[in-house]
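# Coordinate inspection notes
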There are 2 protein chains.
Amino acid sequence: MSHKKNLTVYVSSFIEQLYQSGVKRAVISPGSRSTPLAYLLENHPHIHTYVNVDERSAAFYALGMAKASQEPVVIVCTSGTAAANYYPAVVEARYARVPLIVLTADRPHELRDNGAPQAIDQINLFGKHAKWFFDMPLPESEVNMLQYTGRIAAKAAAKSAASPKGPVHLNFPFREPLSPDLSYKPENQPLSAVYLAEKQLNDRYLSDLTAQLNQSKNGLIIAGPSEDQQSAAAIIRLAEATGFPVLADPLSGLRTLMTEHPSVIECYDAFLRDDEVKKNLQADLIIRFGGMPVSKALTQYVKGSACSQWLIDEGADWRDPTSSATHYLEVNDSLLAQQLAKAADQDNDDSWLYQWMTLNEKAEREIRAYIDNETDEGAAVGTLLESLPEGAHLLVGNSMPVRDVDTFWIRGMKPFHVWANRGANGIDGVVSTALGIAAVKQEPVYLLIGDLSMFHDLNGLLVTKQHASQLQIVVMNNNGGGIFSFLPQAAEPEHFETLFGTPPSLDFKHAAALYDLNYDRCETKEALKESLNSDSTQLKMMEVITDREKNTASHRQLWKTVARAVRGD
Amino acid sequence: MSHKKNLTVYVSSFIEQLYQSGVKRAVISPGSRSTPLAYLLENHPHIHTYVNVDERSAAFYALGMAKASQEPVVIVCTSGTAAANYYPAVVEARYARVPLIVLTADRPHELRDNGAPQAIDQINLFGKHAKWFFDMPLPESEVNMLQYTGRIAAKAAAKSAASPKGPVHLNFPFREPLSPDLSYKPENQPLSAVYLAEKQLNDRYLSDLTAQLNQSKNGLIIAGPSEDQQSAAAIIRLAEATGFPVLADPLSGLRTLMTEHPSVIECYDAFLRDDEVKKNLQADLIIRFGGMPVSKALTQYVKGSACSQWLIDEGADWRDPTSSATHYLEVNDSLLAQQLAKAADQDNDDSWLYQWMTLNEKAEREIRAYIDNETDEGAAVGTLLESLPEGAHLLVGNSMPVRDVDTFWIRGMKPFHVWANRGANGIDGVVSTALGIAAVKQEPVYLLIGDLSMFHDLNGLLVTKQHASQLQIVVMNNNGGGIFSFLPQAAEPEHFETLFGTPPSLDFKHAAALYDLNYDRCETKEALKESLNSDSTQLKMMEVITDREKNTASHRQLWKTVARAVRGD
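Residues numbered from 1 in each chain as written. Chains lettered and ligands numbered in written order. Predicted model: local features only at pLDDT ≥ 70, side-chain atom pairs only at ≥ 80, totals over all residues. Heavy atoms only, no water.

## A look at the pattern of salt bridges
- Applying the stated criterion across every chain, the model contains 48 salt bridges over all chains.
- Residue Arg521 of chain A pairs with Glu523 of chain A through a salt bridge whose shortest N-O separation is 2.9 Å.
- Across the pair Arg567 of chain B and Asp274 of chain B runs a salt bridge, and its minimum N-O distance is 2.4 Å. Residue Arg567 of chain B is located in helix α22 (residues 548-567), and its partner Asp274 of chain B is located in the loop between α9 (268-271) and α10 (275-279); the two are separated by 293 residues in the primary sequence.
- On the accessibility criterion, Asp274 of chain B (11% relative accessible area) is buried. (Salt bridge = Lys/Arg side-chain N within 4 Å of Asp/Glu carboxyl O. Helix = DSSP H or I, 4+ residues; strand = E, 2+ residues; numbered from the N terminus. Buried < 20%, exposed > 50% of the residue type's maximum accessible area, 1.4 Å probe, protein only.)

In structure tokens:
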């Protein structure tokens, strides 16, 4: 068979099996060696393709799509450093547990390790950060080969989607010429179906744990960040069955449901900063779901709790940096929560739950007053959250934005969804992640981001020229690395501004002009509110000008006010 | 000893040994975990530090400095995806053989692999692309430990600088608190001096090769891309001693010297495209120095030559994708060239050399006429080259710019220096590499770059706000991936523009405004010339508007014209 036929049949068949395995989206970065993959993905009748020039942004764009759709997304690039640009998003996908299928084009063997142009060693390029790597065979179109590579495609999709989800990497050697036959109509091939199951506790373990659960009077549930959108409801049901309060990280999905579920506690970060308050809140059992919560105050409370602590993690990463868990449960969140809720003793004393709810309400009141009365970054974040329409999706940047959302997302706001890149907590790729979420969701999408993080992924905005994106971007511009002002390093003025503040002095209106974005400069939270309330179907950037020093001081004042309120001073 | 003292003494001592080992520059990206390294580098009396927020750009900025200074440059970042952003430049440094010392901050052991925030597995993060990886011990200040880590610093510098030069990676675990004592005055410590030697052929091998050399009538030298600035003069001396023509890649350093050395042939890419011409140019020995030349015509000529072919490469990468070398010489370029020149039989017939020189002059004449008379991208590149002041440094982007410089850099222009990232030939990081060269060189620095490549590293421009940079940027804006128009894929209109042309439709005047650059839009080569001739001490961006289709057609016309001229039709 001809070279072109071999190439076309091989790659088409591989792509069709990816589609049959649940892949619906592919993000392609331009390049020559990747021509067969790019053309045949573009040619597939059902896979949506998106072109994104900067591979670093492209990979985060796909990450956003995979987070929002809960399905594996393909990324395709050419050989050389192109693929190395995927690394930050591959690392984030690994730790945040997001399914990505990385397809890199490579030279064939005879052009490897002998100085050929744009050829680098791509074998195991992402090291331990890819869940699976496979170097593909050269294109052939014998049935045996198609059956084999069809299974590789199915396996790649399955491995990316199996718990813990994550990135897989397949490397394709292609010989020239690289153009496939676009008129080729694939014949029906026998493809593989894959069924993935979740881990569930056996009865003996379950009865052990149920006995312990039912002995607990002052139990506490902690819902950390999770990419599993199914688990939130199950965890709330467990809380209600046991009568335990559930401390809900902004990335757990539980806060979206807090209006109807009073046992969801959202202001713990504010009131657990006080030692006296903590002393009166001694739990006798802590059940932890998800990754490490954003709140450092909560982490310290957990570390200081001498009780039994169950860490639930099907992904078996033992995410427990304080080494305080006493029981590691490698089991699916939802299944365990359902099992325990069913077995829980319903007859509970409410006083422990009310103690948490009372503290929470007091903190809520102070935080609401702060949003109304203050003028700093925190108040602006509160204003944003109050302005979000019901069902909105908000992606928050790392460093200050995610911490401020943790603080200022309180009861009484309309239900919305919050996302962040909390696998490795980087400030990179955030804009592209938001655009990826926007590409999948039909509801309005918002991005809350600091100026350094906005700068880091400005290139992400290029896709908005090709793909209509409804995204409202709120840039908190405090001219530099705001979070560093909260660190002990800030007390040493020598070199601080040079090394940490790193004021980029960027006026983002020029960035908005480069990418044809609508732009509003907001000097006050009222101006922000007005801008947010105008048309949200257009792509817009709102730049909120804030002050790092004032911000640090007013946040610290808030913690004092909350502590006074909850102590009843 | 206190934690702070241990931290300060350990890191200071390490940095002092780096300095003693030849490190004079460090590029720092802001972060918290890397505080001890950042503060103490900033505090060092002799190491120049540069802050660069985007780690991807930061690493390429350091790469440019290391290329220009021929000395190892340090890059420092915090833990997490920050370090993954270094990967593209690390890969480029590996293949282009540029010494980089990557210092990443990490969590201590007790915060690894247990879900701690911003902690990823950084062990062997760059896989095979780092020449050496070492996970450092925790800070201690006993003399034994300082002696040990001092040797690690010396070894890191030596490994990065030993042939083939490249990147090394050290990973530092730091516990909180992270601030060092900036008032600490280091005591004199016994430090290590390192002597690195080059590989030289022994007498027996040398006399074998000399005998072969002196039997050759029609020998040819090829000088490919090289980061070794010393070798150019030695290779020219060998050419003159043997009477062989030397085909000089634009990145070999030889073209800078071509005015006084007629045996340097620069127009081979134009005239070796013709089969009849090639048939009359049969070499009986080819001696190749450096990496793969930019010219595909030359590569095909080499592949078609059945003679003895010596590949000289001290770095032992066997850079020979056509598998045509008959002898691999793992020996230093300059030393071998000197040895052979000394042993060469001076009594040569000039006719072979004159044949090459005559063809070269004919091609030169056509190319000069093209620069004068045409209006496309090639003529604009020729105009740029003619306008460069003596001693200027020009960094050229990959894809079209480096190929156009190969074509249009001809005799009669003032001597200047040309650089490119030809390790992996990526379009990424090029702006930062140019800024790194500008940070080291006192002469004027120019950047010739396509619009996609300019876009890819726009973030690189941020450093110009903190560090004065004399850089003249010429952006060839053909609104997309111009090189793809030369590929067979361009013949298939379906999907071509979406996947390959990828028109970004960027007006770079907004980018210039974002970074406070002077900006000229040049619609003609005359406008470009005028802009180039104005003040070159300021940072400026010149955007040259060109057309991809016209460009492809006129280049093809040039090859035909040259072929007619050299064949004497």
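## Examining the interface of chain B and chain A
- Contacts between the two partners involve 82 residues from chain B and, on the opposite side, 82 residues from chain A.
- Each partner contributes to the roughly 7,100 Å² buried at the junction of chain B and chain A, and carbon and sulfur atoms together form 58% of this total.
- There are four salt bridges connecting chain B and chain A.
- Residues Arg56 of chain A and Asp54 of chain B are paired through a salt bridge, measuring 2.7 Å at the closest nitrogen-oxygen approach.
- Joining chain B to chain A, the criterion identifies 28 residue pairs in polar contact (both at pLDDT 80 or more).
- When contributions to the side of chain B that touches chain A are tallied by element, the ones reaching two or more residues are α2 (35-43), α3 (55-69), α4 (81-84), α5 (87-96), α17 (451-456), α18 (463-466), α19 (496-501) and α20 (508-514) of chain B.
- Taken together, the residues of the side of chain B that touches chain A break down into 41 nonpolar, 22 polar and 19 charged. (Contact = heavy atoms within 4.5 Å. Buried area = accessible area lost by both parts, 1.4 Å probe. Polar contact = N/O pair within 3.5 Å; in protein donor to acceptor, adjacent residues only side chain to side chain. Nonpolar A, V, L, I, M, F, W, Y, C, P; charged D, E, K, R; others polar.)

## Describing unusual backbone geometry
Residues and elements named next belong to chain A.
- A cis amide bond, omega -5°, links Glu176 with the succeeding residue Pro177.
- Its place among the elements puts Pro177 in the loop between β6 (167-173) and α7 (203-215).
- The residue Ala316 is not glycine, and still its phi comes out positive at about 60°.
- In this fold, Ala316 is placed in the loop between β11 (308-312) and β12 (327-329).

## Observations regarding the sheet that holds strand β11 (residues 308-312) of chain B
All names here are of chain B.
- An order of β9-β8-β7-β10-β11-β12 is seen for the six strands of this open sheet, with the pairing classed as parallel. Since the sheet does not close on itself, it has two edges, and those belong to β9 (264-265) and β12 (327-329), each with one partner.
- Direction of pairing for strand β8 (residues 246-248) relative to β9: parallel, over a ladder of two bridges. Each residue of the ladder has a partner; that of Leu247, found in β9, is Ile265.
- Sitting on the sheet, helix α7 (residues 203-215) touches β10 (285-289), β11 and β12, and the angle it makes with β11 is about 130°. (Pairing = 2+ DSSP bridges. Axes fitted to C-alpha atoms, helices over the stretch in contact; angles between N-to-C directions.)

## Observations regarding the packing of helix α1 (residues 3-20) of chain B against helix α6 (residues 143-161) of chain B
Residue and element names in this part refer to chain B.
- Where α1 contacts α6, the two axes come as close as 8 Å, and the packing angle between them is 35°. The handedness of the crossing between α1 and α6 comes out as right-handed. Packed against α1, whose contacting residues are Val9, Tyr10, Ser13, Phe14, Gln17 and Leu18, the element α6 presents Met145, Leu146, Thr149, Gly150, Ala153 and Ala154 at the interface.
- Its residues assigned to classes, the contact of α1 with α6 shows eight nonpolar, four polar and no charged. (Left-handed = near helix turned anticlockwise from the far one by under 90°.)

## Observations concerning the confidence of the model for chain A
- Scored by pLDDT, chain A comes out at a mean of 94, with 99% of its residues at no less than 70.
- Here the prediction assigns the complex a pTM of 0.97, and the interface score ipTM is 0.97. (pLDDT = per-residue confidence, 0-100.)

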